[in-house]
Amino acid sequence: MLTNIRLISVREYHKMAETGIFHPEERLELIAGQIIRMSAKGTAHESAITRTERLLRQRLGDKVLLRIQSPVQLDDYSEPEPDISVVKLNPLDYEDHHPNASEVFLLIEIADSSLKYDREVKAMASPTPRANAYSKSGIIEYWILDVNGRKLYMYRLPSPDGYHSESILAEDVTISPLAFPDCAIAIRELLRKI
């Protein structure tokens, strides 16, 4: 295991992007001070994002701001780009900063080829420095929609060592976000038809 790694801060990451170090089409995110390449987006992934965004917009209306594949600043060393962020309303629409953990109601990742990464790196504890980015920062609720396995992984009760509540739900289950218990969503509605 490498022990002498220099971590990159969010500020440095932004400067690198501003100076053109990254290709404009390169899909990257900063997790625990490390720049991670994101996998390519497939059609199942994109259609699940569209369905999920549409359902959340219909059910939550103007109570929240939905951000699609936009940065969330978890701390000084992590700025992932979840597929969908359900965040608090902001008078400037976050023109002056990216939402931080205290402004997030729910983060959702859509997994077709990224299930292992989304579960082990973003949600759960593991021996890598990228581990449990969402739980460590206090994101109260995190969902992973597994479009291939046709189920939803739901994480709640964050702590520095991972989420203390993990549920794996079948497509016939109806759920509600913690912050919006009246917003019932059938998992089946989020998945593509087979």
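Anything mentioned here points back to the structure above.
Scope of this entry: the structure provided in the associated data block. (Residues numbered from 1 in each chain as written. Predicted model: local features only at pLDDT ≥ 70, side-chain atom pairs only at ≥ 80, totals over all residues. Heavy atoms only, no water.)

**Remarks on a nonpolar patch on the surface**
Where we set the bar: Within this analysis, patches are made of residues with over 30% relative accessible area and no salt bridge. Like charges are joined at 9 Å or less; nonpolar side chains (Val, Leu, Ile, Met, Phe, Trp, Tyr) at 5 Å or less. Here, Shrake-Rupley sampling with a 1.4 Å probe gives the accessible areas, and only protein chains in the shown set may cover a residue. When a carboxyl oxygen of Asp or Glu is within 4 Å of a side-chain nitrogen of Lys or Arg, the pair counts as a salt bridge. For every residue, the accessible area obtained with a 1.4 Å probe (protein chains only) is divided by the maximum for its type, and the residue is called buried under 20%, exposed over 50%, and partly exposed between those limits.
Nonpolar side chains collect at one region of the surface, where Ile-5, Leu-7 and Tyr-77 lie side by side and expose about 250 Å² of accessible area between them. On the basis of relative accessible area, Tyr-77 is assigned to the partly exposed category, the value being 37%.

**Focus on the nonpolar core**
General note: in soluble globular proteins, nonpolar side chains tend to be found buried as a group. Definition in use: To form a nonpolar core, buried Ala, Val, Leu, Ile, Met, Phe, Trp, Tyr and Cys residues must be joined to one another through side-chain atoms within 4.5 Å. Labels follow the DSSP assignment, with helices taken as runs of H or I lasting at least four residues and strands as runs of E lasting at least two, numbered in each case from the N terminus. What makes two residues a contact is simply this: any of their non-hydrogen atoms within 4.5 Å.
Grouped together as the largest cluster of nonpolar side chains are 27 residues, with contacts concentrated most on Leu-56, Val-86, Trp-143, Leu-145 and Leu-152. For this core, the secondary structure elements donating two or more residues are helix 2 (43-60), strand 4 (84-87), strand 5 (104-111), strand 6 (141-146), strand 7 (151-156) and helix 5 (187-190). Here Leu-145 is in contact with Ala-48, Thr-52, Glu-109, Ile-110, Ala-111, Lys-151, Leu-152, Ile-187, Leu-190 and Leu-191, once residues within four sequence places are set aside. Ranked by size, the runner-up nonpolar core spans 19 residues in total, among them Ile-31, Ala-32, Ala-101 and Ala-133.

**Concerning the pattern of salt bridges**
For the structure on display, the rule yields seven salt bridges. Arg-59 serves as the salt-bridge partner of Glu-189, at 2.9 Å between the closest nitrogen and oxygen. With Glu-189 in helix 5 and Arg-59 in helix 2, this residue pair connects regions lying 130 residues apart in the sequence. We note a salt bridge from Arg-150 to Glu-171, for which the minimum N-O separation is 2.9 Å. Linking Arg-150 in the loop between strand 6 and strand 7 with Glu-171 in the loop between strand 8 (165-170) and strand 9 (174-175), this pair joins segments that are 21 residues apart in sequence. Under the relative-accessibility criterion, Arg-150 is labelled buried at 14%. Within this structure, Arg-150, Glu-171 and Arg-188 form a network of salt bridges that share partners.

**Quick word on the environment of Arg-54**
Mapped onto the fold, Arg-54 is located in helix 2. With a relative accessible area of 45%, Arg-54 lands in the partly exposed category. Along the chain, Arg-54 and Leu-190 lie 136 residues apart, while their C-alpha atoms are 9.5 Å from each other.

**Some details on unusual backbone geometry**
In this structure, Tyr-94 takes a positive phi of about 65° despite not being glycine. Here Tyr-94 is to be found in the loop between strand 4 and strand 5. Unusually for a residue other than glycine, Arg-150 sits at a positive phi of about 55°.

**Quick notes on the packing of aromatic side chains**
Given two aromatic rings, their pairing is described by the distance between the two centres and the angle made by the two planes. What counts is decided by this rule: Aromatic contacts are taken between Phe, Tyr and Trp rings whose centres are within 6.5 Å, Trp giving its six-membered ring; a plane angle under 30 degrees counts as stacked, one over 60 as edge-to-face, and the others as tilted.
Here the structure, examined in full by the defined rule, presents five aromatic pairs. Arranged with centres 5.7 Å apart and planes meeting at 50°, the rings of Tyr-13 and Phe-22 form a pair that is tilted. Taken individually, Tyr-13 and Phe-22 each receive the classification buried, so the pair is uniform in this respect. Seen from their ring centres, Phe-105 and Phe-180 are 5.0 Å apart, and the 70° between their planes marks the pair as edge-to-face.

**Brief notes about the sheet that holds strand 3 (residues 65-68)**
Selection criterion: Note: two strands are recorded as paired if DSSP finds a minimum of 2 bridges between them. To get an axis, fit a line to the C-alpha atoms, keeping to the stretch in contact for a helix; angles then go from 0 to 180 degrees between the N-to-C directions.
One open sheet holds the six strands; their spatial order is 3-4-5-6-7-8, and the pairing between them is mixed. A strand with exactly one partner marks an edge of an open sheet, and here the two such strands are strand 3 and strand 8. Across the sheet, the axes of successive neighbouring strands diverge by a mean angle of 15°, strand direction being ignored. Strand direction decides the pairing type here: strand 6 and strand 7, joined by six bridges, are antiparallel. Paired with Trp-143 across the strands is Met-154, a residue of strand 7.

**Notes on the side chain of Ser-159**
Selection criterion: Pairs of N or O atoms within 3.5 Å make up the polar contacts considered here, provided that, within protein, one atom can donate a hydrogen while the other can accept it, and that residues adjacent in sequence are counted only when both atoms are side-chain atoms.
Locating Ser-159 in the fold gives a position in the loop between strand 7 and strand 8. Of the residues examined, Ser-159 reaches a relative accessible area of 10% and is grouped as buried. A distance of 2.3 Å separates polar atoms of two side chains, one belonging to Ser-159 and the other to Asp-161.

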